[in-house]
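An overview of the molecular structure
Here are the chains, one letter per residue:
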Amino acid sequence: MFLLQAMDTTTVAEGLLEDDFHTMGWVDISVFAIMLAVSTLIGVYFAYCSPQGNESEADYLVGGRSMGTIPVALSLFASFISGIALLGYPAEVYVFGGQVVYNALSYPLTGLLLGYQLLPVFRNLRTLSVYEYLDRRFSRKARFIASCLFLVSHIVWLPIVIYVPALAFEQVTRINLHVVGPVVCVICIYYTTVGGVKAVVWTDAVQAVMMLLCVGLVVAKGVMEVGGLGTVWQRNMDTTRLEAPVWDLDPTTRHTIFSLILGGVVRHTADLGLSQSIIQRYMALPSLRACYRATAIFMVCTVCLNLLACFCGFTAAAYYHDCDPLTVGIAQKRDQIVPMFVLDVLANVPGLTGLFIAGVFSAAMSSLSTGLNSISAVVLEDGLRSMAGRSPSERQTRWLLRGVVVGAGLVCLALMFVVEHLGMVVQLNASLSAMAAAPQFTLFIAGLFLPWVNTRAALLGAAVAAAMVGVTVIGAQANILSGALQYTPKPVSVDGCPHLAPPNVTLAHLRPHDNSEVFWLFRISYLWYQPLAILTGLLVASVAALAGWRNDLADVDPRLVAPVSRRFLPEGKYRGDDHGDDPATQEALLLELRTLSAAKDAAKE
């Protein structure tokens, strides 16, 4: 098989666009507009019509801690997935093959770790900010550092969330992404600002259903267009996209079963169990048992959508097996493959293309709204109240929360114009999230699972993890942008392209790019960025504890330690799991915890 490289594709692309390229009709655009209208109306309802009201801080940020399990579970799913999975994973499969499918195996392990080790601790805090845990376990300085990392990482990540669906919309409508991005972003900012977490959760629930529906629809119609599952299977086998897991221990191999599962568990735990955006949703549930049920639904939906998204990539590869749109220049970016595929297979049924684009934007809007709502909680709790020591009035709090949502949204929108120059969104997303997640993860894991580690040791470990992952990510991205670091794509063909004149395309054998001259640390798989940095940070923290920076285990509150690590505490300290189903019990536990923490701080002073 050959890799075909276009030398002069302008004429070819124009001919194909004129005769074979489809765009959205008025029915499709109407479906997309209805989705935006529904999201806006949900926000308006919870802002002005909801009988429970939306004025108090608890209502605005955690829905009064009494929201239903199913909508919260769907909100968790929708906010976690984002358009990066809907467009990025199929593009990853199309370009580099199906190894990324095995990443789905990491989600059940993540769910177990989240449900049985992390949530019991965070539910006991009953706080609006997950970073209060670090204040209680370590110090206010640790809390401030982690919350700042959260704010920076979300401000960097959310522009990617906006860019991905805007890119898809540009591909199917020829409307510039710099136009549609701001429009959708402003709508999302509006309903998040006026409706609070209730609007976010219910719009997420609607958008989650749309995501599953649109991806399932594309896959089903695509398989029929190709000629059945057998054809999809055979064509992907022929191009080596459908492959067994790679059991290579070499960390520079881009995808292996070890990096996909172990790296996936670390990355997903950081994104799910140690993120303000996710824990804030869990705080909206009335009990820990409800959290368990929500987690089960969340994980099932996430695995299903990831598998569907990857299968969409296999189907697109089978559909374009003899006419690669990237080679002939119809698709300018790898992440435009899926929108183009959708147009080709759904264009003959009015409304279906619009449904898919609405689903992609739903994923983006759910992540954006969740992120903005969480940013407002962190600014209030960790910035103003904890660090500044100010307690604003109820009226000031309302204006502050809404003002932060608007300001952060506008900043993210401005940064969207930078994202388009930074490469494949799956690797870019993982790389940028690793830079902020590694030091946060190190602090939380040290606090939860290493009770002997004290504040100084934990902060030293987090600093080492941040330095290591920062150097690795920056070095890798610099080499990718310069072309020194490249990954070999799967083979493609243009033998079946209509209107293709032979002089426009040359044939070259598919040769792996030689990355050996790049420093080994910059060549390791992006999936190992976080695990290696975190492991290094935890080792440094443990060595520092052995050297003297350690806690007296008798002073460690067992409710601040994960259940599996409470066995290390002195006999009599372990009190069992506090499930927190009784609000009165929870409030008493929280008061006791804060009293002990205040006494500890006073003793230090």
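Residues numbered from 1 in each chain as written. Predicted model: local features only at pLDDT ≥ 70, side-chain atom pairs only at ≥ 80, totals over all residues. Heavy atoms only, no water.

What follows deals with the overall build of the protein. For the protein, the count of helices and strands is 21 helices and two strands. The buried share among the 605 residues of the protein stands at 60%. Total accessible area computed for the protein in this model is approximately 22,800 Å², and 65% of it derives from carbon and sulfur atoms. (Helix = DSSP H or I, 4+ residues; strand = E, 2+ residues; numbered from the N terminus. Buried < 20%, exposed > 50% of the residue type's maximum accessible area, 1.4 Å probe, protein only. Areas by Shrake-Rupley, 256 points an atom, 1.4 Å probe, with all protein chains shown as cover.)

Right, let's talk about a nonpolar patch on the surface for a bit. A surface patch of nonpolar side chains, amounting to about 220 Å² of accessible area, comprises Ile34, Val38 and Val206. Within the secondary structure layout, Val206 lies in helix α8 (residues 177–226). Under the relative-accessibility criterion, Val206 is labelled partly exposed at 34%. (Patch = residues over 30% accessible without salt bridge, like charges linked within 9 Å, V, L, I, M, F, W, Y side chains within 5 Å. Salt bridge = Lys/Arg side-chain N within 4 Å of Asp/Glu carboxyl O.)

On inspection of all chains with the given rule, the structure shows 17 aromatic pairs. Ring centres 6.1 Å apart and planes at 85° place the aromatic pair Phe80 and Tyr107 in the edge-to-face group. In this pair, Phe80 is assigned in helix α4 (residues 69–96) and Tyr107 in helix α5 (residues 106–125), connecting sequence segments 27 residues apart. Across the pair, Tyr107 and Phe80 agree in class, each one buried. Connected via pairs of aromatic rings, a cluster forms that spans Phe122, Tyr131, Tyr133, Phe150 and Phe444. Sitting above the plane of the Tyr94 ring, Arg241 keeps its charged end 5.3 Å from the centroid. (Phe/Tyr/Trp six-rings, centres within 6.5 Å; stacked < 30°, edge-to-face > 60°. Lys NZ or Arg CZ within 6 Å of the ring centre and 35° of its normal.)

As a further point, take the environment of Asn373. If you trace the backbone, Asn373 turns up in helix α15 (residues 352–387). Between the C-alpha atom of Asn373 and that of Thr192, which follows or precedes it by 181 residues, the distance is 6.9 Å. If near-sequence neighbours (up to four positions away) are discounted, Asn373 is found in contact with Tyr60, Leu61, Thr192, Gly196, Val197, Val200, Gln280 and Arg281. (Contact = heavy atoms within 4.5 Å.)

A word on the environment of Asp382. With respect to the helices, strands and loops of the structure, Asp382 is situated in helix α15. Sequence-wise, Asp382 and Arg143 are 239 residues apart; in three dimensions their C-alpha atoms are separated by 7.4 Å. Residues within four places of Asp382 in sequence aside, it is in contact with Ser129, Tyr131, Glu132, Arg143, Ser147, Ala377 and Met387. A distance of 2.5 Å separates a polar atom in the side chain of Asp382 from a polar atom in the side chain of Ser129. (Polar contact = N/O pair within 3.5 Å; in protein donor to acceptor, adjacent residues only side chain to side chain.)

Classification of Asp382 as buried rests on a relative accessible area of 0%. One polar contact links Asp382 to Arg143, side chain to side chain, over a distance of 2.5 Å.

Our focus in this paragraph is the nonpolar core. A general trend in soluble globular proteins is that nonpolar side chains are found buried together. Grouped together as the largest cluster of nonpolar side chains are 177 residues, with contacts concentrated most on Phe122 and Tyr282. Per element, the largest residue contribution to this core is 20 residues, and it comes from α8. In this structure, Phe122 is in contact with Val130, Tyr133, Gly273, Leu274, Ile279, Met283, Phe444 and Leu448, ignoring residues within four places of it in sequence. (Core = buried A, V, L, I, M, F, W, Y, C linked by side-chain atoms within 4.5 Å.)

A few words on the pattern of salt bridges. Pairing between side chains of opposite charge can happen when their charged atoms approach one another. According to the stated counting rule, one finds eight salt bridges in the structure shown. Two residues, Arg136 and Glu132, come together in a salt bridge whose shortest N-O distance is 3.1 Å. Remark: Glu132 and Arg136 occur in helix α6 (residues 132–137); sequence separation between them is four residues, near one turn of the helix. A residue is classified by how much of its surface remains accessible, and Arg136, at 17% relative accessible area, is buried. The buried category is assigned to Glu132, whose relative accessible area is 3%. Of the charged contacts, one joins Arg559 and Asp557 as a salt bridge, the two residues approaching to 2.8 Å between their closest N and O atoms. Given the relative accessible area of 4%, Arg559 is considered buried. Residues participating in the shared-partner salt-bridge network are Asp135, Arg143 and Asp382.

In the contact formed by α5 and helix α12 (residues 288–319), the axes pass within 10 Å of each other and the chain directions differ by 155°. In terms of axis orientation, α5 runs roughly antiparallel to α12. In this structure, α5 meets α12 at a crossing whose hand is right-handed. Residues Tyr107, Gly111, Leu114, Gly115, Tyr116, Leu119, Pro120 and Arg123 of α5 form the contact with α12, whose own contacting residues are Leu288, Cys291, Tyr292, Thr295, Met299, Thr302, Val303 and Asn306. The residue inventory of the contact of α5 with α12, partitioned by class, reads 10 nonpolar, five polar and one charged. (Axes fitted to C-alpha atoms, helices over the stretch in contact; angles between N-to-C directions. Parallel < 35°, antiparallel > 145°, perpendicular 65-115°, else oblique. Left-handed = near helix turned anticlockwise from the far one by under 90°. Nonpolar A, V, L, I, M, F, W, Y, C, P; charged D, E, K, R; others polar.)

This part covers the confidence of the model for the protein. Overall, the predicted model of the protein reaches an average pLDDT of 80, with 83% of residues at or above 70. Across the protein, helix α9 (residues 229–238) holds the top mean pLDDT of 94, while strand β1 (residues 2–6) sits lowest at 33. Note on residues 501–510: pLDDT is under 50 here. Beyond four places in sequence and across chains, it has 21 contacts. (pLDDT = per-residue confidence, 0-100.)

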